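Here is what each chain is made of, one letter per residue.
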2 protein chains.
Amino acid sequence: MIKNQIFIVFFIFCFNFGFSQQKPDNVEIDYTQYVNPMIGTSKMGHTFPGATAPFGMVQLSPQTNFETMHNPDGSYNTKTYEYCAGYQYKDSTIIGFAHTNFSGTGHSDLGDFLVMPTVGELVLDPLSTSDGKKGFYSLFSHDKEAASPGYYKVDLDSYGIKAELTASERVGFHQYTFPKSNNAHIILDMVYNVYHHDNKNVWTFIRVENDSTITGYRHTKGWARDRKVFFAAKFSKPFKSYGHKKYDDIKYDGFYRRFKQDENFPEMAGQDLRAYFNFDTQGGEQIKLKFALSSVSSAGAMKNLEAEIPHWDFNQTKEETKAKWNQELSKLEVETLTDADKVTFYTALYHTNLSPIIYEDVDGQYRGLDQNIHTSEEFTNYTIFSLWDTYRALHPLFNITQPERNNDMIRSMLAHHDQSVHHMLPIWSHYANENWCMIGYHATSVIADAMAKHVGNFDMDRALQASINTANVRYFDGLGDYIDYHYVPDDKSHSSVSKTLEYAYNDWCIAQMAKQIGNTQVEQEFMERANYYENVYDSSIGYMRPKLSDGTFRKDFDPMDTHGQGFIEGNAWNYGLYVPQDIDKMVKMMGGKERFNQHLDSLFTMEIEDKYIEKHEDITRDGIIGNYVHGNEPGHHIPYLYNWTGHPEKTQSRVRMIMRSMYGPTVEGLCGNDDAGQMSAWYIFSSLGFYPVTPGSPNYALGSPLVEEAKIHLDNGKVLTVKTKNQSAKNVYVKRVSLNGISIKNNQISHSDILNGGVLLFEMSRKP
Amino acid sequence: MIKNQIFIVFFIFCFNFGFSQQKPDNVEIDYTQYVNPMIGTSKMGHTFPGATAPFGMVQLSPQTNFETMHNPDGSYNTKTYEYCAGYQYKDSTIIGFAHTNFSGTGHSDLGDFLVMPTVGELVLDPLSTSDGKKGFYSLFSHDKEAASPGYYKVDLDSYGIKAELTASERVGFHQYTFPKSNNAHIILDMVYNVYHHDNKNVWTFIRVENDSTITGYRHTKGWARDRKVFFAAKFSKPFKSYGHKKYDDIKYDGFYRRFKQDENFPEMAGQDLRAYFNFDTQGGEQIKLKFALSSVSSAGAMKNLEAEIPHWDFNQTKEETKAKWNQELSKLEVETLTDADKVTFYTALYHTNLSPIIYEDVDGQYRGLDQNIHTSEEFTNYTIFSLWDTYRALHPLFNITQPERNNDMIRSMLAHHDQSVHHMLPIWSHYANENWCMIGYHATSVIADAMAKHVGNFDMDRALQASINTANVRYFDGLGDYIDYHYVPDDKSHSSVSKTLEYAYNDWCIAQMAKQIGNTQVEQEFMERANYYENVYDSSIGYMRPKLSDGTFRKDFDPMDTHGQGFIEGNAWNYGLYVPQDIDKMVKMMGGKERFNQHLDSLFTMEIEDKYIEKHEDITRDGIIGNYVHGNEPGHHIPYLYNWTGHPEKTQSRVRMIMRSMYGPTVEGLCGNDDAGQMSAWYIFSSLGFYPVTPGSPNYALGSPLVEEAKIHLDNGKVLTVKTKNQSAKNVYVKRVSLNGISIKNNQISHSDILNGGVLLFEMSRKP
């Protein structure tokens with residue numbers, strides 16, 4: 001009882017000082033109880049169960065992947081894609097806890113600074129020693145594992161150690177309860193990485209500053225070509241001794257001549273090294289470790305550590321972070337038909353709050369794309385922009401749930417542009433690197449969407465100019481040809497149709513920005529480019545089709561094939577429906593509403609042969625309905641397209657079917673990569689009954705809500721309540737929908753409708 | 001004539017604004033005419049002929065070493081030691097111009113950012129291409145080469161290109177005069193290094209910011225284990241195209257998929273890469289390149305570039321730097337018996353002004369030993385501390401010629417201590433790295449010497465504490481054993497006698513500091529340690545001798561052998577005379593004046609067998625007189641020891657003989673490594689007639705001046721004039737010496753004598 005009171009006092013404190021000026025009336029509810037971070041940790045969800053604050057730079061999570069990710073000799077094997085987040089539920093061993101993890105991404109990286117507590121003989125090999133003994137990994141079981149927002153615990157059965165983790169934005173907080181031992185260790189493995197190549201490390205560096213403080217950094221050449229992460233860490237108890245092992249063969253003369261470096265030598269450096277810290281422990285003794293990150297320097301990391309967690313109270317940090325999570329989760333207050341749906345919903349909401357991550361020190365300093373140190377002026381800098389995924393629904397969701405952060409993210413993108421030697425907005429960027437993953441320049445969509453919805457205070461002229469610059473980097477990915485030919489010629493560039501379609505949509509986004517700030521010339525120029533999608537439509541067969549530089553369509557063409565047919569991660573059947581900027585015109589172009597309707601019906605019901613999907617990591621049977629792929633992004637708008645064919649009832653039943661079949665409150669509850677929150681954002685929107693089919697427009701297409709009721713607590717203090725009448729699992733059809741009593745006839749609402757608050761009432765029915 | 005007037009006007013301008021408040025009356029004399037940077041560039045002098053400002057961070061010099069330093073396959077061979085400064089006079093090819101070079105050191109490193117202009121077919125291999133064609137090196141001849149302080153030029157005969165170099169402190173300025181070509185190139189080779197191992201690069205990075213500006217950095221793991229250098233460079237003419245070749249096999253997916261990276265791709269990174277920039281040139285057209293360095297960031301380098309050389313006037317920078325050199329050289333105004341002596345003298349003075357180097361950006365920021373960025377507050381930060389060499393005469397010379405810089409150097413050492421995880425003062429440090437080269441902790445000597453001479457305004461308490469900390473790092477190089485046993489036991493540590501002797505001297509230095517600030521306890525503690533040299537003297541044989549931990553002297557012992565006999569780079573005969581802190585007591589301990597005198601006589605006249613020197617890079621026949629080794633440091637005080645045996649006349653003749661035989665105005669004018677200026681500083685002092693036998697004491701031993709007259713322009717505005725009477729090559733003996741008319745009887749003067757100015761008159765004689 002006393003504990004709860006303290007918590008409530010603290011909770012009120014948090015809300016009064018800093019988190020937000022908004023004070024929803026539902027702050028007393030503990031929404032974290034509905035979040036299960038284990039959802040999506042099996043198969044291809046690529047989520048992690050570890051501890052993190054909302055959008056935290058530190059995402060501290062168990063790593064299970066040595067078990068199946070590595071060959072017996074320690075080298076990487078082909079299964080690494082499963083381990084983008086370091087954890088697979090099926091595994092039975094943990095090799096430690098790493099401080100950075102992607103959530104749900106379609107590519108692997110990170111896994112920095114693996115920490116592992118052990119007892120007994122010191123072993124520094126993770127899997128097995130050279131003489132065949134067990135490595136330092138531990139067995140664990142899910143029975144003795146628990147995860148909730150900001151907290152993770154597990155028993156490390158091989159050692160009788162209880163491991164608990166929590167985190168503030170920039171500091172991971174470990175609490176290890178040891179058995180009695182005069183041979184206890186905490187290992188800091190600087191070799192460990194999440195990636196699909198060996199030798200990812202460029203350089204590693206550790207300093208033992210005193211008997212309980214260490215600092216250092218790692219430079220990696222993984223997916224990010226040139227990435228530096230610094231750390232500063234404090235142990236709650238002085239170590240009795242320490243040491244390291246280096247895995248490269250360079251002997252530095254002076255060090256070698258003047259010192260014995262094997263033990264208690266405080267300065268370690270090399271390409272690959274593992275350090276250890278030794279302790280005597282009493283039975284039940286807790287050793288804690290605070291481990292802060294920085295992209296700037298170890299001095300920056302130390303600043304972060306001291307600013308965010310100056311104390312040793314693990315529970316305090318755990319509760320503070322829980323409170324931060326409740327602050328985020330309480331923005332959407334839903335009642336669902338089943339408890340399971342509530343868990344699915346709040347876990348999805350949780351997953352939309354894991355990235356982009358805060359990427360700056362407490363003083364605003366961060367390492368920029370030019371590898372120089374920059375300071376964010378009047379905004380918080382973010383990184384991890386998986387934009388080909390997240391522009392679709394995640395950033396639009398932020399415009400409702402996180403307008404301030406989305407503004408900061410856009411300002412971060414503009415800073416990225418300014419630091420880019422190409423003068424480009426981010427494509428897929430993280431930690432001062434552009435990874436150039438996937439196609440298009442969808443930062444323009446995020447900016448246009450915010451502008452259309454009047455979110456943020458960024459410099460719109462600068463944003464437009466950055467977008468124009470990006471759209472004119474001729475040497476980027478077929479863009480020069482696109483500008484010259486008005487489509488991307490298939491004989492000059494792979495994925496030519498996908499690129500043409502996405503560039504055209506992005507150009508429409510730029511035109512919307514220009515329109516909004518009254519720059520007619522730019523608007524016209526880019527509206528023209530926005531129509532280039534027409535140039536890859538072959539009316540003779542009714543599909544988007546690769547076109548050659550001589551103006552003819554490619555002869556050899558299979559609209560079902562997802563390989564080498566002008567599309568990336570899709571085919572003409574599904575990816576070919578990608579004209580979000582002018583759906584009416586697309587429908588007309590493709591033969592009119594009836595024909596398009598039939599195309600959609602077939603898409604959802606046809607059988608797709610194994611040969612078309614077997615080579616795709618991102619298209620698996622789990623995420624497929626007919627030839628519609630929900631487990632990957634290019635088709636996320638498709639279920640809503642029936643609204644444009646005169647059959648909104650088909651959208652309604654289809655989205656309910658997708659929510660039911662493609663999501664769930666289990667470890668397999670994601671049918672494909674969560675993709676940095678995009679998959680979850682689709683679920684949130686669809687659950688609420690509307691979806692941003694065309695980011696950059698202020699409008700949302702209506703679907704069929706899954707919730708019974710939802711209160712959307714807006715940043716402006718208002719509340720939009722989504723209400724349903726006759727809601728049930730079978731009543732998926734919307735008989736009537738009204739906003740504040742006025743019927744909606746066109747199957748859409750606008751962002752200002754949402755901002756004005758009130759009641760959006762769906763009257764449900766079992767029949768269309 | 002007009003040109004000269006402009007120069008004089010400029011010259012006056014310079015002296016009025018910034019260089020110094022001191023205005024000697026000899027500013028009109030061009031002392032740079034007496035400097036020949038070629039001296040010491042042959043064999044083991046390890047000097048470089050390139051362009052640098054006094055103590056400049058950029059030391060831009062031709063690299064000839066691929067010719068003999070590399071095997072035909074490009075790998076390094078055993079001759080690299082000759083190439084510590086990148087240049088050997090005997091070579092006939094140049095492969096480019098590098099921006100950092102050690103001067104005279106006994107170890108190799110640096111060689112950053114090699115630039116080479118070529119015309120004709122682009123070749124990116126320095127030596128030879130894979131199909132056996134010529135690499136990008138050029139033939140050159142010394143006839144068409146010239147070097148003077150701050151300026152170097154050479155004709156690159158293979159291309160008909162005239163190359164000229166100058167430099168400010170932080171910016172190298174290249175001026176290349178091309179023939180007519182539509183195929184001219186400037187190559188930036190990031191692979192090239194001065195070092196004795198391949199794979200020195202950790203990482204390299206180049207950005208092409210616009211059509212004439214590039215930035216980037218290099219991280220190396222050479223002698224310095226973890227060294228980062230950043231650059232920013234501007235070409236005077238836009239390049240028509242550019243590109244790079246990468247020498248590692250990592251393909252970064254995103255880059256590879258989205259771009260053609262072979263040409264005009266502005267973002268290059270990898271372990272090893274070479275970039276090129278293409279131009280069309282008219283006959284006689286000059287392309288200039290300003291290339292700035294920073295230890296902080298490329299942004300820092302750009303700041304340095306813009307602050308130091310905002311214009312494109314090569315001659316202006318050349319003249320400014322020449323003026324800076326005259327400012328330094330004019331501090332010692334000498335008349336010599338021969339023109340050759342004058343060249344030797346001023347070149348030696350030049351060589352004492354090449355390192356330590358300024359190591360901070362124009363805004364005071366620099367990368368510290370902890371790899372964090374620091375800002376120098378109220379001092380200029382320096383690096384390259386080759387202290388085992390330079391504490392002997394170079395830093396004592398600075399206390400006369402460069403008191404302000406020496407103060408800054410000490411403050412730099414204190415900052416180093418604060419950043420050191422070991423809490424140690426520098427041993428051999430450069431560029432945020434401690435290389436742990438050679439023995440002792442001689443920063444204590446530099447500090448004690450400055451304190452004894454009242455030079456500087458550093459915090460003396462802090463300096464004492466830093467020295468005490470350094471002297472108590474038990475895990476450093478036998479120091480714990482030294483503290484416990486009162487000598488370094490030979491069975492526990494190599495070079496045990498040398499270490500015992502030097503630690504004892506360093507401890508005496510610490511005692512002097514303590515004495516000066518009245519800390520009696522510390523003074524007594526360290527005076528006790530200062531006597532530990534006695535513990536390795538074996539009176540039964542009359543030599544310093546390795547002692548074992550059981551207290552007995554090592555049985556197997558050869559006092560002539562320089563290998564494994566308890567000494568490093570020396571033997572019991574010469575290194576065993578190392579007790580500068582109490583020479584009288586040493587003489588007495590070793591059998592009294594007469595016996596010691598005989599020892600010295602024998603030392604200078606005995607024959608040393610080849611077997612004792614053949615394996616030593618630092619002890620060569622060139623630098624040997626008997627068993628006295630002038631080409632290396634441990635014996636530099638020995639010629640002056642006769643002053644303590646009652647035979648100062650032997651010191652007088654011996655030092656004149658050494659100056660005559662071991663120095664000269666030719667490329668072979670240094671008999672061993674200049675050792676960052678120590679060898680030259682010995683010459684300067686000895687030429688002036690006195691030498692700091694015991695740094696840390698305010699006294700100088702008198703010798704026999706080589707000059708006819710010398711005016712020492714002191715920082716306090718006073719002048720000490722060294723005058724001679726009957727000076728000649730044969731009149732090496734000092735009949736009488738007087739200071740301001742008062743005879744000196746004890747063969748020494750003090751630092752205050754110098755500071756007070758006046759006339760130090762040597763009356764010379766042919767006979768003792």
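Owing to the predicted nature of the structure, the values given are computational and were not obtained by experimental measurement.

1. With respect to the interface of chain B and chain A
Stage number 1. The interface is formed by 52 residues belonging to chain B together with 52 residues belonging to chain A.
Stage number 2. Both sides together, the interface formed by chain B and chain A hides about 4400 Å², and carbon and sulfur atoms give 56% of it.
Stage number 3. A per-residue breakdown of the area chain B buries against chain A is headed by R225, R258 and V421 of chain B, which together make up 21% of the total.
Stage number 4. Residue D477 of chain A is joined to R258 of chain B by a salt bridge in which the shortest nitrogen-to-oxygen separation is 3.1 Å.
Stage number 5. Linking chain B to chain A there are 26 residue pairs in polar contact (both at pLDDT 80 or more).
Stage number 6. Mapped by element, the contributors of at least two residues to the side of chain B that touches chain A are β12 (201–210), β13 (213–220), α3 (253–258), β16 (267–270) and α4 (298–308) of chain B.
Stage number 7. At 6 residues, β12 of chain B tops the list of elements feeding residues into the side of chain B that touches chain A.
Stage number 8. Here the residues of the side of chain B that touches chain A sort into 23 nonpolar, 15 polar and 14 charged.

2. With respect to helix α11 (residues 460–470) of chain B
All names here are of chain B.
Stage number 1. Within α11, burial applies to A463, L464, A466, S467, I468 and T470.
Stage number 2. Tucked into the core, α11 has its buried residues touching α9 (403–419), α10 (443–452), α12 (479–485), α13 (496–516) and α14 (520–530).
Stage number 3. At the N-terminal end of α11, a side-chain oxygen is found 3.0 Å from the backbone nitrogen of D461, two or three residues along, and the residue is D459.

3. Observations regarding the domain arrangement of chain A
Residues and elements named next belong to chain A.
Stage number 1. Domain annotation of chain A identifies domain 1 (35–327), domain 2 (361–470) and domain 3 (473–557).
Stage number 2. Each partner contributes to the interface: domain 1 provides 26 residues, whereas domain 2 provides 20 residues.
Stage number 3. Both faces combined, the contact of domain 1 with domain 2 buries some 1900 Å², and carbon together with sulfur accounts for 59% of it.
Stage number 4. When the buried area of domain 1 at its contact with domain 2 is split by residue, F55, W223 and V296 rank highest and sum to 33% of it.
Stage number 5. One can count 1 salt bridge joining domain 1 with domain 2.

4. Topic: the sheet that holds strand β7 (residues 145–148) of chain B
Residues and elements named next belong to chain B.
Stage number 1. If you walk across this open sheet you meet the 9 strands as β7-β8-β9-β10-β18-β14-β13-β12-β16, and the pairing is antiparallel. Edge positions in the sheet fall to β7 and β16, since each has one partner strand and no second. In this sheet, neighbouring strand axes are inclined to one another by 15° on average, regardless of whether the strands run parallel or antiparallel.
Stage number 2. Two strands pair when backbone bridges link them, and strand β8 (residues 151–156) and strand β9 (residues 161–167) are joined in this way by 6 bridges, in the antiparallel orientation. Bridging from a neighbouring strand, Y151 pairs with T166 of β9.
Stage number 3. Packing of helix α5 (residues 314–329) onto the sheet brings it into contact with β8, β9, β10 (171–177) and β18 (286–294), and relative to β9 it is tilted by some 45°.

Parameters and conventions
Residues numbered from 1 in each chain as written. Chains lettered and ligands numbered in written order. Predicted model: local features only at pLDDT ≥ 70, side-chain atom pairs only at ≥ 80, totals over all residues. Heavy atoms only, no water. Contact = heavy atoms within 4.5 Å. Buried area = accessible area lost by both parts, 1.4 Å probe. Salt bridge = Lys/Arg side-chain N within 4 Å of Asp/Glu carboxyl O. Polar contact = N/O pair within 3.5 Å; in protein donor to acceptor, adjacent residues only side chain to side chain. Helix = DSSP H or I, 4+ residues; strand = E, 2+ residues; numbered from the N terminus. Nonpolar A, V, L, I, M, F, W, Y, C, P; charged D, E, K, R; others polar. Buried < 20%, exposed > 50% of the residue type's maximum accessible area, 1.4 Å probe, protein only. Domains from an automatic or database assignment. Pairing = 2+ DSSP bridges. Axes fitted to C-alpha atoms, helices over the stretch in contact; angles between N-to-C directions.

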